[in-house]
Amino acid sequence: MSTATDQTQPNDGTSLPDYPGTRSPRCPFDPPPVQAGWRRADGLPRVRLSNGRIAWAVPRYDDVKQVLGDPRLSADGHRFPQLMETQQHGQPQAFPRMDDPEHSRIRRTLTGEFTVKRVEAMRPHVRSLVDRFLEETIAAGPPVDLVRTYALPIPSLVISLLLGVPYDDHAFFQTRSATLMRKGTSQEERKAASGELFGYLLDLVKRKEREPGDDLISRLIAERVVAGELTHRDVAMSSMVILHAGHETTANMIALGTLALLENPRQADRIRDTDDPKVVAAAVEELLRYLSIAQDMLVRVATEDIVIGGHPVREGEMLVFGVPSANRDNSVFDMADVLDLDRDARGHVAFGYGVHQCLGQSLARVELQEALPALLRRLPDLRLAVPLEELSFRHDMVVYGVHELPVAW
Ligand code: HEM
């Protein structure tokens, strides 16, 4: 039986490199250059995370895949509070911060909603929302901030409709979500945002019990709460996880993906000029690999002494998984720093790997496959409305991207 000794307390370790490191202003799509050095060096680098914790960084593709699939690593926030940004009293644990079997007990109640088949059935609906926000974008500009008019509203509305959360409340949940995604958010702000979001969803769950609709929350109540498998609070927490994970991530992929295509016009032509869904699907996989927006969110604790890539890691030590670095590993992806929409990028780890691999990946794919080509085709003269150097990138957030994307056409 291992103990929850915390080997990750902040120390004065000022000599340790900061994780994830600083990106080069010349290529905002590339991971911080220091990560390429970590990938080439022997062993694992010891790093300081943005919350001051000390961890081993795992920068190589093979190690990331092997270790994320290893049951000797834990994501359990009760057992290892150092994995939690904030301890919330009175809220159930979120399933991404549980280990199996508890994790899979909750996750299983949701997987049916996110199968490829279920999500494909949503595609026509996603397409009509894309068209709606495209028209609204055109009516609002040029110029417009594409994050505000297009990249954020599409996934936000898709996830609201799926869950049964009134989209009229989007300002409420988007601001709380953004607070939780910001690395510099104080404990008090984080607790307040999380408490408000949870309270809001718990009220909604109770309302849906009285007035069910055709949505995920109502289905969870009818199928799982009634059967005694989940409590109202479990449903509120699962909804909070999905709401939070389901729109900021995809929104940043739409915005940063658009920017990467504007900066690589020949690649943009590949998407614009094809009517083959397979070409679009492959292009989306490559953008996911190349951009790897999950820059700072995969953390675990070793529950036993283990060896990673020949390097010993002790029980209780924390690990952070370098998804952006792993996806640029030349031993797996030829000329990995090049955006090549024709390559087969399907082995990427942009959605993580192992039991916690992204639950919403099929949905994210459909949204990207619809949103990116529609934008390029409807606005063939789309261009940045400010120089690239003036853009503000999301170095300060757990999920990378651009804060605003001013465009014209
Ligand atoms: C392009 C968009 C997205 C990216 C890049 C992304 C990335 C990721 C990554 C890297 C993980 C693994 C975290 C870990 O192992 O600690 C993850 C987990 C997760 N994602 Fe996504 N995600 C995206 C979209 C979505 C969407 C649309 C949803 C919901 C509808 C979603 C829901 C989740 C959930 C619930 C988990 C936790 C799964 C678990 O712990 O079992 N994600 N995502």
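Provided above is the structure to which this section pertains.
For the structure given in this document, a descriptive report is provided here.

The rules we used
Going along each chain's sequence as written, the residues are numbered from 1 onward. Only residues with pLDDT of at least 70 get local features here, since the model is predicted, and only at 80 or more are side-chain atom pairs given and counted; chain-wide, interface and lining totals rely on the full set of residues. Neither water nor hydrogens contribute to the side-chain values; these are computed over all heavy atoms in the structure. Whether a residue is near a molecule or strand is decided by its heavy atoms; if any one of them lies within 4 Å of it, the residue is near. Here a polar contact is recorded for every N or O atom pair within 3.5 Å, except that within protein the pair must consist of a potential hydrogen donor and a potential acceptor, and residues adjacent in sequence are included only if both atoms are side-chain atoms. The numbering of helices and of strands both runs from the N terminus, where a helix is a DSSP run of H or I of at least 4 residues and a strand a run of E of at least 2. The contact definition used throughout considers only heavy atoms, calling two residues in contact when any of these lie within 4.5 Å. What we call a nonpolar core is a set of buried Ala, Val, Leu, Ile, Met, Phe, Trp, Tyr and Cys residues that are connected through their side-chain atoms within 4.5 Å. Here's how the labels work: a residue is buried when its accessible area is under 20% of the maximum for its type, exposed when over 50%, partly exposed in between, all with a 1.4 Å probe on protein chains only. Throughout, an axis means a line fitted to C-alpha atoms (over the contacting stretch in the case of helices), and angles, computed between N-to-C directions, take values from 0 to 180 degrees. For any pair of crossing helices, the crossing counts as left-handed if the nearer helix is rotated counterclockwise from the farther one by less than a right angle, and right-handed if it is rotated clockwise. Distances define the donors: N, O and S atoms within 2.8 Å of the metal qualify, as do those within 3.2 Å of Na, K or Ca. Water is excluded, so some sites may look unfinished. Working rule for helices: expected span equals 1.5 Å times residues minus one.

**Considerations on the site of the ligand**
Taken together, 29 residues lie around the ligand, and His103, Arg107, Arg300, His356 and Cys358 are the ones closest in. Between the ligand and histidine 103, the relevant distance is 2.6 Å, taken from an oxygen atom to a side-chain nitrogen or oxygen of the residue. One of the side-chain N or O atoms of histidine 356 is found 2.7 Å from an oxygen atom in the ligand. Looking at the shell around the ligand, the elements with two or more residues in it are α3 (102–111), α10 (232–263) and α14 (361–378). In terms of residue count, α10 provides more of the shell around the ligand than any other element does, seven residues in total.

**Description of the side chain of aspartate 296**
Within the secondary structure, aspartate 296 is located in the loop between α12 (277–291) and β5 (299–302). Of note is the side chain of aspartate 296, whose polar atom sits 3.5 Å from the side chain of serine 50. Residues in contact with aspartate 296, not counting those within four places in the same chain, are Tyr19, Pro20, Ser50, Lys183, Val320 and Val398.

**What about the nonpolar core?**
Within soluble globular proteins, side chains that are nonpolar generally end up buried alongside one another. Ranked by internal contacts, the top residues of the largest apolar core, which has 94 residues, are Tyr150, Leu259, Leu287, Leu291 and Leu405. At 15 residues, the largest contribution of residues to this core is made by α10. Discounting residues that sit within four places of it in the chain, leucine 259 has contacts with Phe29, Leu384, Leu388, Leu391, Phe393, Val402 and Leu405. Residues Leu44, Val67, Ala302 and Phe321 belong to the second largest nonpolar core, which totals 21 residues.

**Quick notes on the packing of helix α4 (residues 116–140) against α14**
Put simply, α4 and α14 touch, their axes get as near as 9 Å, and they point 35 degrees apart. Crossing of α4 over α14 shows right-handed handedness. Across the interface between the two elements, Val116, Val119, Glu120, Met122, Arg123, Val126, Arg127, Val130, Leu134, Glu135 and Ile138 of α4 pack against Ser362, Leu363, Val366, Glu367, Gln369, Glu370, Ala371, Ala374, Leu375 and Arg378 of α14.

**Describing the coordination of the iron atom of the ligand**
For the iron atom of the ligand, the sole protein-derived donor is Cys358 (SG), lying 2.3 Å away. Along the chain, the position of cysteine 358 falls in the loop between α13 (323–326) and α14.

**Considering α12**
Over its 15 residues, α12 runs 21 Å from end to end, which matches the ideal 21 Å to within 8%, given 1.5 Å per residue. All of the buried residues in α12 are Val280, Ala283, Val284, Glu285, Glu286, Leu287, Leu288, Arg289, Tyr290 and Leu291. Structurally, α12 contributes buried residues whose contacts are with α10, α11 (265–272) and α14. Where α12 begins, the capping side chain belongs to aspartate 276, and its oxygen is found 2.8 Å from the backbone nitrogen of lysine 278. One or two steps after α12, the chain reaches serine 292, where phi turns positive at roughly 35 degrees.

**Let's talk about the environment of valine 225**
Tracing the chain through its elements places valine 225 in helix α9 (residues 216–225). Here valine 225 falls in the buried class, since its relative accessible area comes to 14%. Distance in space between the C-alpha atoms of valine 225 and valine 235 is 8.1 Å, their sequence separation being 10 residues. Beyond its immediate chain neighbours, meaning those up to four positions away, valine 225 contacts Leu220, Leu230, Thr231, His232 and Val235.

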